[in-house]
Amino acid sequence: MDGAVIPIKAVTEGNVTIITATATDTMSLQQTVCNAASLGWAISELLGRCFQLIQADPATFDWTGDKLMKLQENFTPREKIYALMKYIIFLADSLGVSACVIEEDPDKKRFVDVLHDDVRLFIQHNLDPTLGITFEQLRGRINQNLFYWDLNIHDALQDKPTVVDKAYLVGRTLASLRWYFGQPEVIQDSSYMEKICNEYVPMLQPYVSPFATGAVTNSLNPWWHAISAGHLQPDPAGDVPIQLKNQANIWFSLTTNEREAQSYAPAAIKSRAYILKVFQVFWPFFLIGALVLALILALLLYVVVSNFNLLTKEVSAVIALLAAFGITHTLIDATGNILQKAVSEATGTFKGTFIDNIKHSTQQEAINKATLIPPPLQKGAKTIKL
């Protein structure tokens with residue numbers, strides 16, 4: 001976080017002290033955009049995790065000292081939900097949206113406070129019957145409060161640059177493709193996804209790593225079509241396909257600036273493809289230059305062979321060589337300028353030499369390929385670009 005100071009505070013809950021960071025007003029716009037994308041993602045993930053959570057018996061521990069209990073290596077689904085709620089509170093504080101209150105509540109409680117309390121109850125293995133609420137009812141209440149808090153978040157983000165709210169929508173939408181999987185009744189419509197893909201994702205370009213938005217758009221197209229068309233099926237265990245899980249991890253890393261896009265494509269691959277593409281583009285001009293040079297040298301050879309005057313031979317040789325190099329250089333330089341102008345007029349966005357344009361497009365292609373995990377489509381299914 002550029003120039004920001006993150007103070008630390010300790011929150012004691014039961015026997016556990018949780019260390020959290022508190023947001024400050026010195027946060028840069030780049031970090032604000034990334035936090036907005038993270039918050040949108042986290043809210044969709046929390047809702048999805050709540051509906052994927054199944055009832056399970058709590059783990060048993062033996063603290064008698066008779067045998068060693070190894071330290072925990074992985075979080076349980078319930079612990080992940082609680083950690084996610086804490087993360088949401090931090091992000092909401094950083095964006096100034098944690099102050100949103102439930103207007104219908106007589107005590108005007110904040111959404112984050114009510115959600116936090118409900119999540120703590122929800123992750124319990126056995127709800128206290130005296131509470132008078134079931135597991136399903138509690139989940140519905142969490143869903144309701146997330147629904148209305150989301151509307152309040154949109155209102156609160158209107159005071160910030162437009163890209164902040166769009167980043168929130170991008171994060172929320174991408175996460176929904178992974179965390180709402182298997183629930184076709186809540187899938188987004190095509191017009192909305194087209195805006196996300198072609199308008200909102202590109203808006204993040206100045207605030208994330210180079211090539212990140214192009215990579216997200218490239219991978220979002222086939223995945224959205226596969227999901228919306230019903231071509232994607234759960235894995236044999238009935239879970240979300242591993243390909244979608246891995247693709248979602250890439251989306252999160254790119255849209256929240258957690259990882260640079262260029263780190264996905266090895267430099268050697270990008271360099272090799274770049275050199276090949278430059279050669280493919282310029283070999284006709286090299287060939288033309290070589291042919292012109294060969295023609296001039298052939299004429300020079302003819303003059304030398306047919307003329308016995310030494311001075312004439314020497315002068316002809318110098319003139320022919322100068323003409324050969326001059327014509328070749330002029331031809332290549334003029335052709336390069338014409339192509340550079342054509343690329344600039346066609347794109348209207350990328351500035352630099354023609355070689356720079358080739359390098360940029362080659363890097364983007366390499367990163368697109370490295371960050372796309374093809375969806376496991378059913379036989380005969382095809383993808384359509386948004």
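The notes below deal with the structure included here. Quick caveat, the model's predicted, so the values are computed rather than measured.

### Some points on the nonpolar core
- Ranked by internal contacts, the top residues of the largest apolar core, which has 77 residues, are Leu 39, Ile 88, Trp 149 and Trp 251.
- Sequence-distant contacts of Ile 88, defined by excluding residues within four places in its chain, comprise Leu 39, Ala 42, Ile 43, Leu 46 and Trp 149.

### Observations concerning a nonpolar patch on the surface
- A surface patch of nonpolar side chains, amounting to about 310 Å² of accessible area, comprises Phe 147, Tyr 148 and Leu 151.
- In this fold, Phe 147 is placed in helix α4 (residues 135-157).
- On the basis of relative accessible area, Phe 147 is assigned to the partly exposed category, the value being 49%.

### Details of the environment of Ile 102
- Position of Ile 102 relative to the elements: it lies in the loop between α2 (77-95) and α3 (111-122).
- Along the sequence, Ile 102 and Trp 149 sit 47 residues apart, while their C-alpha atoms lie 8.1 Å from each other.
- With residues near it in sequence (within four places) discarded, Ile 102 still touches Lys 108, Lys 109, Phe 111, Val 114 and Asn 145.

### Quick word on the packing of α4 against helix α5 (residues 162-179)
- The contact between α4 and α5 brings their axes to 9 Å, and the two run at 150 degrees. Between α4 and α5, the angle falls in the class roughly antiparallel. Considering only the axes of α4 and α5, their crossing is right-handed. Within the contact between the two elements, α4 uses Asp 150, Ile 153, His 154 and Leu 157 and α5 uses Val 164, Asp 165, Tyr 168, Leu 169 and Arg 172.
- Across the contact of α4 with α5, the residue classes tally to five nonpolar, one polar and three charged.

### Regarding the packing of aromatic side chains
- All chains considered together, the criterion is met by four aromatic pairs.
- Each ring, one from Phe 61 and one from Trp 63, has its centre 5.5 Å from the other, and the planes form 15 degrees; the classification is stacked. A single burial state applies to Phe 61 and to Trp 63, both of which are exposed.
- With a centroid separation of 5.0 Å and an interplanar angle of 80 degrees, the aromatic rings of Phe 147 and Tyr 148 are classed as edge-to-face.
- When the ring centre of Phe 51 is taken as origin, the NZ or CZ atom of Arg 139, which lies over that ring, is 4.7 Å away.
- Over the ring of Tyr 264 we find Arg 259, and its NZ or CZ is 3.7 Å from the ring centre.

### Some remarks on helix α1 (residues 29-52)
- A rise of 1.5 Å per residue sets the reference length of α1, with its 24 residues, at 34 Å; its end C-alpha atoms lie 34 Å apart and thus fit the reference within 8%.
- Among the 24 residues of α1, 19 are classified as buried, and the element is accordingly described as predominantly covered.

### What to know about the environment of Trp 149
- Structurally, Trp 149 can be placed in helix α4.
- For Trp 149, a relative accessible area of 0% gives the class buried.
- The spacing of Trp 149 and Cys 100 is 49 residues in sequence and 7.2 Å in space, taken between C-alpha atoms.
- Those residues in contact with Trp 149 that sit more than four places away from it in its chain are Ile 43, Ile 88, Ala 92, Val 97, Cys 100, Phe 111, Val 112 and Leu 115.

### As for the pattern of salt bridges
- For the coordinates displayed, the defined rule picks out seven salt bridges.
- For the salt bridge of Asp 113 with Arg 110, the shortest nitrogen-to-oxygen distance reads 2.9 Å.
- Relative accessible area serves as the criterion here: at 30%, Arg 110 is assigned to the partly exposed category.
- Of the charged contacts, one joins Lys 245 and Asp 239 as a salt bridge, the two residues approaching to 2.7 Å between their closest N and O atoms.

### Here we look at the packing of α5 against helix α8 (residues 242-255)
- Contact geometry of α5 with α8 gives a least axis separation of 9 Å together with a crossing angle of 170 degrees. As judged from the angle between their axes, α5 and α8 are roughly antiparallel. Along its contact with α5, which presents Val 170, Leu 174, Leu 177 and Arg 178, the element α8 presents Leu 244, Lys 245, Ala 248, Trp 251 and Thr 255.
- Per-class residue counts for the contact of α5 with α8 are six nonpolar, one polar and two charged.

### A word on the side chain of Glu 45
- Mapping Glu 45 onto the fold places it in helix α1.
- Its relative accessible area of 13% is what places Glu 45 among the buried residues.
- Every residue in contact with Glu 45, bar those within four places of it in the chain, is listed here: Leu 84 and Trp 179.

What counts and what doesn't
Residues numbered from 1 in each chain as written. Predicted model: local features only at pLDDT ≥ 70, side-chain atom pairs only at ≥ 80, totals over all residues. Heavy atoms only, no water. Core = buried A, V, L, I, M, F, W, Y, C linked by side-chain atoms within 4.5 Å. Buried < 20%, exposed > 50% of the residue type's maximum accessible area, 1.4 Å probe, protein only. Contact = heavy atoms within 4.5 Å. Patch = residues over 30% accessible without salt bridge, like charges linked within 9 Å, V, L, I, M, F, W, Y side chains within 5 Å. Areas by Shrake-Rupley, 256 points an atom, 1.4 Å probe, with all protein chains shown as cover. Salt bridge = Lys/Arg side-chain N within 4 Å of Asp/Glu carboxyl O. Helix = DSSP H or I, 4+ residues; strand = E, 2+ residues; numbered from the N terminus. Axes fitted to C-alpha atoms, helices over the stretch in contact; angles between N-to-C directions. Parallel < 35°, antiparallel > 145°, perpendicular 65-115°, else oblique. Left-handed = near helix turned anticlockwise from the far one by under 90°. Nonpolar A, V, L, I, M, F, W, Y, C, P; charged D, E, K, R; others polar. Phe/Tyr/Trp six-rings, centres within 6.5 Å; stacked < 30°, edge-to-face > 60°. Lys NZ or Arg CZ within 6 Å of the ring centre and 35° of its normal. Expected span 1.5 Å × (residues − 1).

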